[in-house]
Amino acid sequence: MANLKSLAKDTAIYGLSSIVGRFLNYLLVPLYTHYMPKASGDYGISTNVYAYTALILVLLTFGMETTLFRYANDDKYKPDTVFSTAMGTVSMLTALFLALVFSFIGPISTSLGYEAHPDYLQMMAVVVALDALQALPFSYLRFQKRPIRFASLKLLFIMLNIGLNLLYFVWLGKTSVFYVFFINLVCTGFITLFFIPDMFRIRWHFDVALLGRMLGYSWPILVLGIAGILNQVADKIIFPLVYPDEAEANVQLGVYGSCVKIAMIMAMITQAFRYAYEPIVFAKSKDGDKAEYYASAMKYFLIFTLLAFLCVMGWIPLLQNIIGADYREGMGVVPIVMVAEIMMGVYFNLSFWYKLIDKTIYGAWFSLAGCLVLFAVNIIFIPKYGYWACAWGGVAGYGTAMVLSYIIGQVKNPIPYPMKSIVMYIILAAICYVPMIYTNDLLPAWASVTINTIGIMLFVAYIIWRDLPLSSLPVIGKKFRKTK
């Protein structure tokens, strides 16, 4: 229970930086969708370029974030040595990446359809390089259990980013997508400066023998990461390449990219959970009750992601106002994308059975299988169904990886997940969601939100009745214990 309380506390802190940060970033969605007209395709360009940067970031970090936790928790190695070995590797990869991009910017920009704007790619190349260099220091903060500093730096970046966007778009009237990339470059560079003092406190030692072991552990995670990020961004990369109307491709991608922002609350929860959960899992790997702990963590993760799904879908008549009116035609993809994100979160929880026994190759195979399914769905169906194929491709891809991981995991390293309770929550969430489909379409916003909130409260009541430990809550818990 102590570990679960620690997980909940750290998830709340990491979640604060992630959820508040994403919420503040949502303020940029109406800003962009208002100042960048749908017909310009600028928002689609932004969506496409950020998809490439997400993929490149995975390549540059080379799975070293998870590998850092694996070896820093090993008593045979000093944490500073593990960090400096991983950091040196990522730094070399980053330097090579920048050299290649700036040397071949002409062919690269032409092949990606940005021959008129190579500056977009140059700016984002520097941004992704700085993000890669920040990734391990941020991970080391998580290892050192310093969530406050972690959250503070993340929120500082968001606040600076929003402030500069408001300055350029609203005050100065600079509405080109160029300024989206330029502002990101300025903010990322500024945050990087805060890690310089930390780097001087590290006892640097590059251990070649350790690097060999780390690479052996990390390369399957890299494959897993590539497949995993492709599951998230491949649709946005593929879309302009296969959509039949080249001139309309960025416009439609802008619609899809803006609507997906609403569904990303699920990604926030998963990310916050991951930041807190990953260090605890590796630290707890030696305990005798670890299987029961992992099973409980999976259950509570799923409960609260289902609650988040119901809240978003129940309040969608209000949340949709985040997006400019011209972009709302794609709102139907939101529940589909959220279901895909839930599957991704479950898959992340399932992934620890092979990470803890150093069989990360399984994760690579599962993710590759999911990625192949996603690619097939997108390539085959985008020309006919547009961004709807993107949404369903995510469900198909994550669903494939999730099912494979569960089935094989229960054979190789079984964990007693409370499947009966989990299925009951899924059924209850579905029962609460179905009426929302009709109320959102047929009733005024205030009426549908009121009725939907009642359904959400019923779901919360069931959580409290069935699983929430009331006795551990302040004030209420004291009264509860007295009545027992």
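These numbers were taken from a predicted model, which means no experiment stands behind them. (Residues numbered from 1 in each chain as written. Predicted model: local features only at pLDDT ≥ 70, side-chain atom pairs only at ≥ 80, totals over all residues. Heavy atoms only, no water.)

A. Structural context of the overall build of the protein. Tallying secondary structure elements over the protein gives 22 helices and zero strands in all. Looking at the 484 residues of the protein, the share that counts as buried comes to 52%. Within the protein, contacts between residues at least 6 apart in sequence are counted, and of these 83% link residues at least 24 apart. Within the structure as shown, the protein displays about 21600 Å² of accessible surface, and the carbon and sulfur contribution to it stands at 70%. (Helix = DSSP H or I, 4+ residues; strand = E, 2+ residues; numbered from the N terminus. Buried < 20%, exposed > 50% of the residue type's maximum accessible area, 1.4 Å probe, protein only. Contact = heavy atoms within 4.5 Å. Areas by Shrake-Rupley, 256 points an atom, 1.4 Å probe, with all protein chains shown as cover.)

B. Spotlight on the packing of aromatic side chains. By the definition in use, this model includes 25 aromatic pairs. With a centroid separation of 6.1 Å and an interplanar angle of 70°, the aromatic rings of Y43 and Y327 are classed as edge-to-face. Within this pair, whereas Y43 is found in helix α3 (residues 42–61), its partner Y327 is found in the loop between α15 (316–319) and α16 (334–350), the two being separated by 284 residues in sequence. In this structure Y43 comes out as buried when scored by relative accessible area, which is 4%. (Phe/Tyr/Trp six-rings, centres within 6.5 Å; stacked < 30°, edge-to-face > 60°.)

C. Region of interest: unusual backbone geometry. You will see that F62, though not glycine, has its phi angle at about 55°, which is positive. In this fold, F62 is placed in the loop between α3 and α4 (64–72).

D. Highlighting the side chain of T188. One can find T188 in helix α9 (residues 177–193). For T188, a relative accessible area of 1% gives the class buried. A polar contact is formed between the side chain of T188 and the backbone oxygen of N184, at a distance of 2.8 Å. (Polar contact = N/O pair within 3.5 Å; in protein donor to acceptor, adjacent residues only side chain to side chain.)

E. Spotlight on the environment of W219. Its location among the elements puts W219 in helix α11 (residues 208–242). The sequence separation of W219 and G63 amounts to 156 residues, and the corresponding C-alpha distance is 6.7 Å.

F. A look at the environment of A376. Tracing the chain through its elements places A376 in helix α18 (residues 361–385). Given the relative accessible area of 33%, A376 is considered partly exposed.

G. Molecular detail of the nonpolar core. One finds L310, V334 and F459 to be the most contacted residues of the largest nonpolar core, which totals 135 residues. Here F459 is in contact with I303, L306, L307, L310, Y425, L428, A429 and C432, once residues within four sequence places are set aside. Counting residues in hydrophobic clusters, the runner-up holds six residues, among them F138, L141, L153 and F195. (Core = buried A, V, L, I, M, F, W, Y, C linked by side-chain atoms within 4.5 Å.)

H. Looking closely at the pattern of salt bridges. Tallied over the entire structure, the rule returns three salt bridges. Here R201 and D198 are joined by a salt bridge, their closest N and O atoms 2.4 Å apart. Taken together, the residues span about one helical turn, with R201 and D198 both in helix α10 (residues 196–201) at a distance of three residues. Overall, the relative accessible area of 8% leaves D198 in the buried class. The partner of D235 in a salt bridge is K236, with the nearest N and O atoms 3.4 Å apart. We note that D235, like K236, is buried. Through salt bridges with shared partners, a single ionic network connects R149, D198 and R201. (Salt bridge = Lys/Arg side-chain N within 4 Å of Asp/Glu carboxyl O.)

I. Structural context of the environment of V170. Tracing the backbone through its elements, the reader meets V170 in helix α8 (residues 147–171). The exposure class of V170 is partly exposed, given its relative accessible area of 44%. For V170, the residues in contact, after removing those within four places along its chain, are L31, Y35 and N165.

J. Just the layout of surface pockets, in detail. Taken as a whole, the second largest pocket encloses approximately 570 Å³ of empty space. In terms of lining residues, the second largest pocket is bounded by 22 residues, among which L302, I342, M343, M402 and I426 are the most central. Listing elements by their share of the lining of the second largest pocket, those giving two or more residues are α14 (290–314), α16, α19 (387–412) and α20 (419–442). Take the lining of the second largest pocket: its biggest share by element is seven residues, from α16. Residue classes in the lining of the second largest pocket are distributed as 22 nonpolar, no polar and no charged. (1 Å grid on protein atoms, 1.4 Å probe; cavity = no way out; pocket = protein on both sides within 12 Å on 5 of 7 lines; lining within 4 Å. Points joined across faces, edges and corners; volume = space filled by probe spheres on them. Nonpolar A, V, L, I, M, F, W, Y, C, P; charged D, E, K, R; others polar.)

K. Spatial organisation of the packing of helix α12 (residues 246–263) against α19. Close contact between α12 and α19 brings their axes to 10 Å; oriented N to C, the two are set at 45°. As far as their axial angle goes, α19 and α12 are oblique. Considering how the two elements wind past one another, α12 and α19 form a crossing that is right-handed. Facing α12, whose interface residues are Q252, V255 and Y256, α19 presents Y387, C390 and A391. Taken together, the residues of the contact of α12 with α19 break down into five nonpolar, one polar and no charged. (Axes fitted to C-alpha atoms, helices over the stretch in contact; angles between N-to-C directions. Parallel < 35°, antiparallel > 145°, perpendicular 65-115°, else oblique. Left-handed = near helix turned anticlockwise from the far one by under 90°.)

L. Structural context of α18. With 25 residues, α18 extends 35 Å from end C-alpha to end C-alpha; this agrees with the ideal 36 Å at 1.5 Å per step. Where α18 bends most, at I379, the angle is about 30°, and the proline P383 comes one to four residues later. For α18, the set of buried residues is G363, A364, F366, S367, G370, C371, L374, V377, N378 and I382. Within two residues after α18, G386 carries a phi angle of roughly 60°, on the positive side. (Expected span 1.5 Å × (residues − 1). Bend = angle between axes of the 7 residues up to and from the residue.)

M. The packing of α8 against α9, seen in detail. Close contact between α8 and α9 brings their axes to 9 Å; oriented N to C, the two are set at 145°. The handedness of the crossing between α8 and α9 is right-handed. Contact residues: α8 offers L153, L156, F157, L160, N161, L164, N165, Y168 and F169, while α9 offers Y179, V180, F182, I183, N184, V186, C187, T188, F190 and I191. Split into classes, the residues belonging to the contact of α8 with α9 amount to 15 nonpolar, four polar and no charged.

N. Region of interest: a nonpolar patch on the surface. Side chains of L156, F190, L193, F194, I196 and F200 sit close together on the surface and give an oily, nonpolar patch of about 570 Å² of accessible area. The set of elements that each furnish at least two residues to the nonpolar patch consists of α9 and α10. As for its placement among the helices and strands, F194 is situated in the loop between α9 and α10. Under the relative-accessibility criterion, F194 is labelled partly exposed at 31%. (Patch = residues over 30% accessible without salt bridge, like charges linked within 9 Å, V, L, I, M, F, W, Y side chains within 5 Å.)

O. Looking closely at the confidence of the model for the protein. Mean pLDDT over the protein stands at 82; residues scoring 70 or higher make up 85%. Least confident of the elements in the protein is helix α22 (residues 476–483), whose mean pLDDT is 45; most confident is α9, at 93. The low-confidence segment residues 470–484 (pLDDT under 50) makes ten contacts with residues lying over four places distant or belonging to another chain. (pLDDT = per-residue confidence, 0-100.)

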